[in-house]
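One letter stands for each residue in the lines below.
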Amino acid sequence: MSADYEVRGNVAVITLNNPPVNGLGLETRSAAVEAVRKAGMDPAVKAIVLTGAGKAFSGGADIREFNSPKALTEPTLHTLISTVESSEKPVVAAIHSVAMGGGLELALGCNYRVATPEAQIALPEVKLGILPGAGGTQRMPRLVGLEQAMQMITTGTPVPAEALAGTALFDEVYRPGADLLASAIAFANKVADLRPLPKVRDRKVEHAQPELFISQAREGIKKAAGPFPAPVACVEALIAALTLPFEEGLKVERELFLKLKETNESKSLRHAFFAERAASKIPDVPADTPTRKIASAAVIGAGTMGGGIAMNFANAGIPVTLLEMKQEALDKGLATIRKNYETSVKRGKLTQDKLEQRMQLVTGTLAYEDIAQADITIEAVFEDMAVKTEVFRQLDKVMKPGAILATNTSTLDVNKIAAVTGRPQDVIGLHFFSPANVMKLLEIVRGAKTGKDVLATAMALSKKLKKTGVVAGVCDGFIGNRMLEQYLRQAGFLLDEGCTPEQVDKAIEKFGFAMGPFRMSDLAGNDVGWYIRKRRAIESPELVYSKTADLLCEKGRFGQKTGAGWYDYKPGDRHAYPSQLVNDMIVEYAREQGIERRKISDEEIIERLVYALVNEGAKILEEGIALRASDIDMVYLTGYGFPSWRGGPMFYADCVGLPNVLQAIEKYGRGRHGEAWAPAPLLVRLAVEGKRFNG
Ligand code: 3H9
């Protein structure tokens, strides 16, 4: 059973019981319908309280069912809600925590709703590329008004029940700490004999200026929605609530819901929802693996990366010490952290008090001895093996036993770094992405000897720091940068063959990337890649690149920080202006190489960049560097600006169809630098078998 039934005096208490969040899957719906009917038939019962067990009233419809016939199998969510709504005995929803999506829609079908003040109320369907499809768009405006309903439905943002206490949504919002169930039963007894039973559907949606509301809502959402169809559909459903009778409004909502559910946008966002949760699971490190305590941290290197990493700890309330070699560098690092927080204060995202609290958690030192007692250290020094191993030798000497020694390397061999210490089990890669205080991704690199408890601690820490932790194995570049390498190689070849940086960036930004490869390199610093290419030229001389990026660096054009890179920049202005000098340099290089430049379509640019990611991703998956295809998607969604509504490179390839992807890769393999396109054996196998990367 996934709904419990008990009778207390004259009140039947039905408790949704489908851990972890009482998702309204078929079994739960069936059990709830049966329980409501049972209460209806029991002569001893005069009223019903509907509540949820554990940490939620209900997290909503079971999203996993969306792709299966179960979602449409009776009793559907609609049937459950109309069973509740047509009960002859009053039904009181008692909400103690999360009531989201279909869970909230079920509560809206009840005659009364009572809640604890901290209960989280949301219609978050828009974040999954759909809209509330079980009456939410029709009932919510009848209770909280059109404006508030629109705000909640088009953003999906949760609102605490106490903020909605003055609306008709709630009949009672109790004091903090009140016994919700006892209060709800008392309330149910009080209203047991009142007739007629109040029903949300009988209320009117009113607005003083309906036409103005409609035109402003349509206009406003067009701007806010960008390429997403769901917010626009949310507004249309709300307009239906305003202009049509209840049943007809429901029909409009239903049609829009069914259409949205089948869009690639929604499928991609649903994929990302589960991918994020799957990433936290490591097959041989169960959830109950003991973790180490992290009550203090140290960061080695107070540069941009080190400072950003330190801010993460301060934001999470963990004291952190920054270690530098020179006082000047340390002062600069600390000043930058303060400046970053001050910017947040100016933008209204942080109070001055909070700023001071966080700064108090950040201290600086020039001595290794001062960090010896830290529970974790994260090295963020220059990306050079000799420099990093020297730091780890020092750490091995001074750090207390049991401290976790992490490296923020973005490409180097974590096993080699671990090997210079006498405690490789304590060493792990924690690869933050720049700006480290903003970007969600944390690549957690598991060395050959990394202890399971260290890995489990790193996963728990990523949650505490509000990051999406994704586990990667050791290889040059791990998941993200190893794939990026192939993407950037293609971007360089495209320049040689006929593109400008602007054309490449525009094409991939139109596809949905937050930033094209050249604008991104200018932001990150072109010298970083230059340094890595020099190392790779020694380690893997067979790897061929366009030399344009090196020529650019030889001119000192390192990007925004030097005021010039692939583009020109004006002081105080981050806008990228196309550079005649760079474009001439590209044409001249192609001439020297005897490359005949041609007109290249946006379609080719997108295919070559995205399929380069996919092909390398397939190799990474087959080698076990990534645990699952969806982990690769998470890396690209949270660390590299891959468009969320395309679900990540591997999911995108699944949607295009792997045989189509393979065909394109084979075509490019017959072109210039065809060796870069050797198809990944896994891709070939899956394409032949008609399978997908993501199951
Ligand atoms: C909807 O309702 C459509 C209707 O309008 C119309 C229908 C006709 N389904 O996030 P957590 C799983 S659409 C299935 O780590 P937390 C989740 O995958 C739905 N599974 O916990 C994970 O599984 P696992 C609208 C779900 O405490 C586990 O629960 N609702 C669902 O940090 C724990 O999740 C939403 O969009 C679900 N609906 O946060 C709400 N929800 O253990 C989406 C969760 O196997 N959910 N799971 O990895 C959330 O926002 C958060 O999960 C919640 C709890 C705030 C509820």
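Residues numbered from 1 in each chain as written. Predicted model: local features only at pLDDT ≥ 70, side-chain atom pairs only at ≥ 80, totals over all residues.

**Concerning the overall build of the protein**
Line of reasoning, step 1. Helix and strand counts for the protein stand at 27 helices and 20 strands.
Line of reasoning, step 2. Computed over its C-alpha atoms, the radius of gyration of the protein comes to 28 Å, within 12% of the 26 Å expected for a compact globule of 695 residues.
Line of reasoning, step 3. Considering only C-alpha atoms, the protein reaches an extent of 90 × 60 × 50 Å along its principal axes. (Helix = DSSP H or I, 4+ residues; strand = E, 2+ residues; numbered from the N terminus. Rg over C-alpha atoms; globule rule 2.2 N^0.38 Å.)

**Concerning the site of the ligand**
Line of reasoning, step 1. The environment of the ligand is made up of 26 residues, and the closest members are Gly59, Gly60, Ala61, Gly101 and Gly102.
Line of reasoning, step 2. Where the shell around the ligand is concerned, the elements lending two or more residues are β6 (98-100), α3 (102-108) and α10 (264-278). (Near = placed C-beta within 6 Å.)

**Some thoughts on the UniProt feature "domain: 3-hydroxyacyl-CoA dehydrogenase C-terminal" (unreviewed entry) in the protein**
Line of reasoning, step 1. With numbering aligned to this structure, UniProt lists the feature "domain: 3-hydroxyacyl-CoA dehydrogenase C-terminal" (unreviewed entry) at residues 477-569 and 605-690.
Line of reasoning, step 2. Helix makes up 62% of residues 477-569 and strand 3%. Its end C-alpha atoms lie 29 Å apart.
Line of reasoning, step 3. In this annotation, residues 605-690 is assigned 67% helix and 0% strand; the end-to-end C-alpha distance for the span is 26 Å. (UniProt positions renumbered as here; feature names shortened; annotations may be inferred.)

**What to know about helix α25 (residues 649-656)**
Line of reasoning, step 1. The buried count for α25 comes to 6 of 8 residues, which makes it a mostly enclosed element.
Line of reasoning, step 2. Among all positions in α25, only Pro649, Met650, Phe651, Tyr652, Ala653 and Asp654 are buried.
Line of reasoning, step 3. Buried positions along α25 lie against α10, α23 (602-622), α24 (629-639) and α26 (658-669).
Line of reasoning, step 4. One or two steps after α25, the chain reaches Gly657, where phi turns positive at roughly 105°. (Buried ≥ 20, exposed ≤ 12 C-beta atoms within 10 Å, placed from the backbone. Contact = placed C-beta atoms within 7 Å.)

**Quick look at the environment of Ala184**
Line of reasoning, step 1. Mapped onto the elements of the fold, Ala184 is located in helix α6 (residues 180-191).
Line of reasoning, step 2. Residues in contact with Ala184, not counting those within four places in the same chain, are Val49, Thr51, Val92, Ala94 and Val114.

**Comments concerning the packing of helix α18 (residues 501-511) against helix α19 (residues 517-524)**
Line of reasoning, step 1. Direction vectors running N to C along α18 and α19 enclose 105°, while the axes themselves pass 7 Å from each other. Classified by the angle their axes make, α18 and α19 are roughly perpendicular. Residue-level contacts link Pro501, Val504 and Asp505 of α18 to Pro517, Phe518 and Arg519 of α19.
Line of reasoning, step 2. Residues belonging to the contact of α18 with α19 are distributed by class as follows: 4 nonpolar, no polar and 2 charged. (Axes fitted to C-alpha atoms, helices over the stretch in contact; angles between N-to-C directions. Parallel < 35°, antiparallel > 145°, perpendicular 65-115°, else oblique. Nonpolar A, V, L, I, M, F, W, Y, C, P; charged D, E, K, R; others polar.)

**Focus on unusual backbone geometry**
Line of reasoning, step 1. Here the bond from Arg195 into Pro196 is cis, since omega is 0°, no more than 30 degrees from zero.
Line of reasoning, step 2. As for its position among the elements, Pro196 is in the loop between α6 and α7 (210-225).
Line of reasoning, step 3. For the bond running from Ser434 to Pro435, omega is -10°, close enough to zero to count as cis.
Line of reasoning, step 4. If you check the backbone angles, His673 has positive phi at about 50° while not being a glycine.

**Comments concerning the sheet that holds strand β1 (residues 3-8)**
Line of reasoning, step 1. Taken together, the 6 strands give an open sheet; going across it, the order is β1-β2-β3-β5-β7-β10, and neighbouring strands pair in mixed fashion. Only two strands of the sheet have a single partner each, and these edge strands are β1 and β10 (172-173).
Line of reasoning, step 2. For strand β3 (residues 47-52) and strand β5 (residues 91-95), the ladder comprises 3 bridges, and the chain directions are parallel. The residue bridging Leu50 from the neighbouring strand is Ala93, located in β5.
Line of reasoning, step 3. Those strands touched by helix α1 (residues 26-41) are β1, β2 (11-16) and β3, and its axis lies near 180° from that of β2. (Pairing = 2+ DSSP bridges.)

**Here's the deal with the sheet that holds strand β9 (residues 159-160)**
Adjacent strands of a sheet form backbone hydrogen bonds with each other and so pair up, either parallel or antiparallel.
Line of reasoning, step 1. One open sheet accounts for 4 strands, arranged β4-β6-β8-β9; its pairing is mixed. Sheet topology places β4 (56-58) and β9 at the edges, where each strand pairs with a single neighbour.
Line of reasoning, step 2. Bridging between β6 and strand β8 (residues 120-122) involves 2 bridges; their strand directions are parallel. In the sheet register, Ala99 faces β8, and the bridge partner there is Ile121.

**As for helix α17 (residues 480-497)**
Line of reasoning, step 1. Across its 18 residues, α17 extends 26 Å between first and last C-alpha, which sits within 8% of the 26 Å expected from 1.5 Å per residue.
Line of reasoning, step 2. Across the 18 residues of α17, 17 count as buried, placing the element largely inside the fold. (Expected span 1.5 Å × (residues − 1).)

**Some details on the confidence of the model for the protein**
Line of reasoning, step 1. Put simply, the protein has an average pLDDT of 96, and 100% of its residues get 70 or more.
Line of reasoning, step 2. Here the predicted complex carries an ipTM of 0.98, next to a pTM of 0.93. (pLDDT = per-residue confidence, 0-100.)

**Describing the domain arrangement of the protein**
Line of reasoning, step 1. We note that the domain assignment places domain 1 (2-261), domain 2 (297-472) and domain 3 (480-689) within the protein.
Line of reasoning, step 2. Look at where the C-alpha atoms of domain 1 and domain 2 centre, and you get two points 44 Å apart. (Domains from an automatic or database assignment.)

**Observations concerning the nonpolar core**
Line of reasoning, step 1. Ile48, Val92 and Leu131 are the most contacted members of the largest nonpolar core, which totals 209 residues.
Line of reasoning, step 2. It is α23 that provides the largest number of residues to this core, a total of 10 residues.
Line of reasoning, step 3. Those residues in contact with Val92, other than ones at most four positions away along the chain, are Ala47, Ile48, Val49, Cys110, Asn111, Tyr112, Val114, Ala184, Phe187 and Ala188. (Core = buried A, V, L, I, M, F, W, Y, C linked by C-beta atoms within 7 Å.)

**Topic: the environment of Arg628**
Line of reasoning, step 1. Position of Arg628 relative to the elements: it lies in the loop between α23 and α24.
Line of reasoning, step 2. Taking the C-alpha atoms as reference, Arg628 lies 9.2 Å from Ala275; in sequence the two are 353 residues apart.

**Examining the packing of helix α8 (residues 229-243) against helix α9 (residues 246-261)**
Line of reasoning, step 1. The geometry of α8 relative to α9 is characterised by a closest axis approach of 8 Å and an angle of 170° between their N-to-C directions. When the axes of α8 and α9 are compared, the pair comes out roughly antiparallel. Of the residues in α9, those in contact with Pro229, Ala230, Ala233, Glu236, Ala237, Ala240 and Ala241 of α8 are Gly249, Val252, Glu253, Leu256 and Leu260.

**Focus on the pairing of strand β16 (residues 427-432)**
Line of reasoning, step 1. When you tally the buried positions in β16, you get 6 out of 6 residues, the bulk of the element.
Line of reasoning, step 2. Residues Val427, Gly429 and His431 line one face of β16 and the alternating positions Ile428, Leu430 and Phe432 line the opposite face, and both faces are buried.
Line of reasoning, step 3. Judged from the 3 bridges that link them, strand β15 (residues 404-407) and β16 form a sheet pairing that is parallel. Looking at the pairing, Leu405 lines up with Val427 of β16.
Line of reasoning, step 4. Where the polypeptide runs from β15 across helix α15 (residues 414-419) and back to β16, its parallel neighbour, the crossover connection is right-handed.
Line of reasoning, step 5. Alignment of β16 against strand β17 (residues 441-445), held across 4 bridges, turns out to be antiparallel. Paired with Gly429 across the bridge in β17 is Val445. (Right-handed = clockwise from strand over helix to strand, strands pointing away.)

**Thoughts on the pairing of β5**
Line of reasoning, step 1. Counting buried residues in β5 gives 5 out of 5 residues, a clear majority hidden from the surface.
Line of reasoning, step 2. Pairing analysis gives 4 bridges linking β5 to strand β7 (residues 112-115), with the strands arranged parallel. Paired with Ala94 across the two strands is Val114, which belongs to β7.

**Quick notes on the environment of Val7**
Line of reasoning, step 1. Position of Val7 among the secondary structure elements: in strand β1.
Line of reasoning, step 2. Since 14 C-beta atoms lie within 10 Å of it, Val7 is described here as partly exposed.
Line of reasoning, step 3. Taking C-alpha positions, Val7 is 9.0 Å from Ile48, a pair spaced 41 residues apart along the chain.
Line of reasoning, step 4. Leaving out residues up to four positions away in the same chain, Val7 has contacts with Ala12, Asp42, Ala44 and Val45.

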